[in-house]
Amino acid sequence: MFDFSTPIDRHGTWCTQWDYVADRFGSADLLPFTISDMDFATAPCILQALQQRLQHGVLGYSRWQHEDFLGAIRHWYQQRFHCAIDTHLAVYGPSVIYMVAQLVRIWSAPGEFVVTHTPAYDGFYKVVAGNQRQILPCPLHKVGNDWHCDMAQLEALLALPQTRILLLCSPHNPTGKVWTQQELAQMAALCERHKVKVISDEIHMDMVWNGQQHIPWSQVATTPWALLTSASKAFNIPALTGAYGLISDDYTRESYTRALKNRDAISSPAVMALIAHIAAYRHGEPWLDALRDYLQANLAYVAERLNLAFPQLNWQPPQATYLAWIDLRPLAIDDQQLQQVLIEREKVAIMPGFTYGEEGRGFVRLNVGCPRSKVEAGVDKLINALNFLLASS
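What comes next concerns the included structure. Everything numeric here is computed off the predicted structure, so don't read it as measured data.

## Digging into the packing of aromatic side chains
Across all of its chains, the model carries 16 aromatic pairs by this definition. Ring geometry for Trp64 versus Tyr92: centroids 6.3 Å apart, planes at 20°, classification stacked. Within this pair, whereas Trp64 is found in the loop between α3 (44–56) and α4 (67–81), its partner Tyr92 is found in strand β2 (residues 90–93), the two being separated by 28 residues in sequence. Accessibility expressed as a relative area gives 13% for Trp64, which makes it buried. Ring centres of Tyr121 and Phe124 lie 5.6 Å apart, and the angle between their planes is 70°; this geometry places the pair in the edge-to-face category. Residue Phe124 is classed as buried on the basis of its relative accessible area, which comes to 0%. Here the aromatic residues Phe4, Phe40, Trp64, Phe69, Trp76, Tyr92, Phe235, Tyr244, Tyr281, Trp287 and Tyr294 are joined through ring pairs into a cluster of three or more. A cation over a ring is seen here: Lys177 above Trp179, with NZ or CZ 5.0 Å from the ring centre.

Structure below.
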């Protein structure tokens, strides 16, 4: 029913991944597997809804506090996560990371601590430092092909007098870890014990594989919390802007809304983002399920090719996300040399693991949200680069 295999040329569309790859990698003629958007057109139901709205012709100021939008969100959580959510707790924002920034400012003071699991999405480091707070890393530990949090180490960080927030990524980017019910409940208990508030970024919630189950933070929370998310990752609509969240307490929710409207002068949502979310959550399930099958097959292909070329890697697809977090440490390859060969010799842009903190050294992050032909080319180039470096050593 849906075609994910035919490439769509994104050049000339002001596309961050393709048109501006030189900004990060220093060269414009690279095949990119970088920022986490996909090379697929969004779901036909979304395109149809957007076209219908454009035919109306009037694009004036809008509101999001209506049943069309909130009811679609409730429906999605019931359908996909089998849980009821209270949309009276809902807030809206232009992006998840913008909403994170607002809550960091509301819930902490300059110089205070924000705990997060590392390696971490690079936007976390930037938004915390940009607001004059300090990140406290809680490294995840790789055991076989799983990732584990040292709960004693996490508690030691949460117990520090200046710790105010746990900034959770669920599912986790870049490792692709899906937090279990037990892990989430344990973290919630630790945060309650030490009076630490929780911001849970759940933007990858719809991209969970292999029988894993995403559990929204709202289902385990015990202290003041905010769950922030968007349909932008699953339905590939980040260019429309638009995110939403749930904030547990009235004071924080009102403080967030005042800052949004009065300080930052954002009083009207992007109407196309509202329409896209409603269409996605009401009618996009068949498309998303087909996409999920395609992405899982892409990840399985990466595993097959890499492990055939380098059995010592024994790389397995992540539990979530379309971002292949590949551990190259068994090959003892220098990160900087690998990037140089990938860029200059193979003409490919693959995110180096150190982008996501010190714990990411020895890894690369390969975006497989694209047609299989592109994945094949990218894996070929990565294998060529690794073989070149191994032969040179």
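Moving on, there is more to tell.
## So, the sheet that holds strand β1 (residues 31–33)
Strands sit in the order β1-β11-β12-β10 across an open sheet of four strands; the sheet is mixed. Whereas interior strands pair on both sides, the edge strands pair on one side only; in this sheet they are β1 and β10 (323–327). Strand-to-strand twist in this sheet, taken as the mean axis angle between neighbours without regard to direction, amounts to 35°. The pairing of strand β11 (residues 348–352) with strand β12 (residues 363–367) spans two bridges and is classified as antiparallel.

## What about the pattern of salt bridges?
According to the stated counting rule, one finds 19 salt bridges in the structure shown. Its salt-bridge partner being Glu285, residue Arg80 comes within 2.8 Å of it at the nearest N-O pair. With Arg80 in helix α4 and Glu285 in helix α12 (residues 285–309), the pair connects residues that are 205 residues apart, well separated along the chain. A relative accessible area of 23% places Glu285 in the partly exposed class. Several salt bridges share partner residues, and in doing so they unite Arg10, Asp37, Asp39 and Lys374 into one network.

## Considering helix α11 (residues 271–283)
Its 13 residues give α11 an end-to-end C-alpha distance of 18 Å, which sits within 8% of 18 Å, the value for a rise of 1.5 Å per residue. Of all 13 residues that make up α11, ten are buried, and the element is covered over most of its length. All of the buried residues in α11 are Val271, Met272, Ala273, Leu274, Ile275, Ala276, His277, Ala279, Ala280 and Tyr281. Elements that come into contact with the buried residues of α11 comprise α3, α4, β2, α9 (232–235), β9 (243–247) and α12.

## Section: unusual backbone geometry
Along the chain, Ser170 connects to Pro171 via a cis peptide bond; the corresponding omega equals -5°. Along the chain, the position of Pro171 falls in the loop between β6 (163–169) and α8 (181–193). Of the consecutive residues Asn173 and Pro174, the connecting peptide bond is found in the cis state with omega at 20°. Along the chain, Pro174 falls in the loop between β6 and α8.

## Quick word on the environment of Asp334
Relative to the helices and strands, Asp334 is located in the loop between β10 and α13 (335–344). For Asp334, a relative accessible area of 39% gives the class partly exposed. For the pair formed by Asp334 and Leu389, sequence separation is 55 residues and the distance between their alpha carbons is 8.8 Å. One polar contact links the side chain of Asp334 to the main-chain amide nitrogen of Gln336, over a distance of 3.1 Å. Here Gln337 takes part through its backbone nitrogen, which lies 2.9 Å from a polar atom of the side chain of Asp334.

## Notes on the environment of Ala280
Position of Ala280 among the secondary structure elements: in helix α11. You can call Ala280 buried: its relative accessible area is 0%. A sequence separation of 206 residues divides Ala280 from Arg74, and the C-alpha atoms of the two residues are 13 Å apart. If we skip the residues at most four places from it in the chain, Ala280 touches Ile46, Trp76, Phe235 and Glu285.

## Looking at the sheet that holds β6
The eight strands are arranged β2-β9-β8-β7-β6-β3-β4-β5 in an open sheet whose pairing can be described as mixed. The open sheet has two edge strands with one neighbour each: β2 and β5 (146–149). Ignoring which end each strand starts from, the neighbouring axes of this sheet average 25° apart. Note that strand β4 (residues 134–143) and β5 share four bridges and pair antiparallel. For Val143, the partnering residue across the bridge sits in β5 and is Asp146. On top of the sheet, α8 reaches β3 (113–118), β6 and β7 (197–201); it is set at about 165° to β6, its chief contact.

Conventions we followed
- Residues numbered from 1 in each chain as written.
- Predicted model: local features only at pLDDT ≥ 70, side-chain atom pairs only at ≥ 80, totals over all residues.
- Heavy atoms only, no water.
- Phe/Tyr/Trp six-rings, centres within 6.5 Å; stacked < 30°, edge-to-face > 60°.
- Helix = DSSP H or I, 4+ residues; strand = E, 2+ residues; numbered from the N terminus.
- Buried < 20%, exposed > 50% of the residue type's maximum accessible area, 1.4 Å probe, protein only.
- Lys NZ or Arg CZ within 6 Å of the ring centre and 35° of its normal.
- Pairing = 2+ DSSP bridges.
- Axes fitted to C-alpha atoms, helices over the stretch in contact; angles between N-to-C directions.
- Salt bridge = Lys/Arg side-chain N within 4 Å of Asp/Glu carboxyl O.
- Expected span 1.5 Å × (residues − 1).
- Contact = heavy atoms within 4.5 Å.
- Polar contact = N/O pair within 3.5 Å; in protein donor to acceptor, adjacent residues only side chain to side chain.

Shape is all these values report; function is a separate question.
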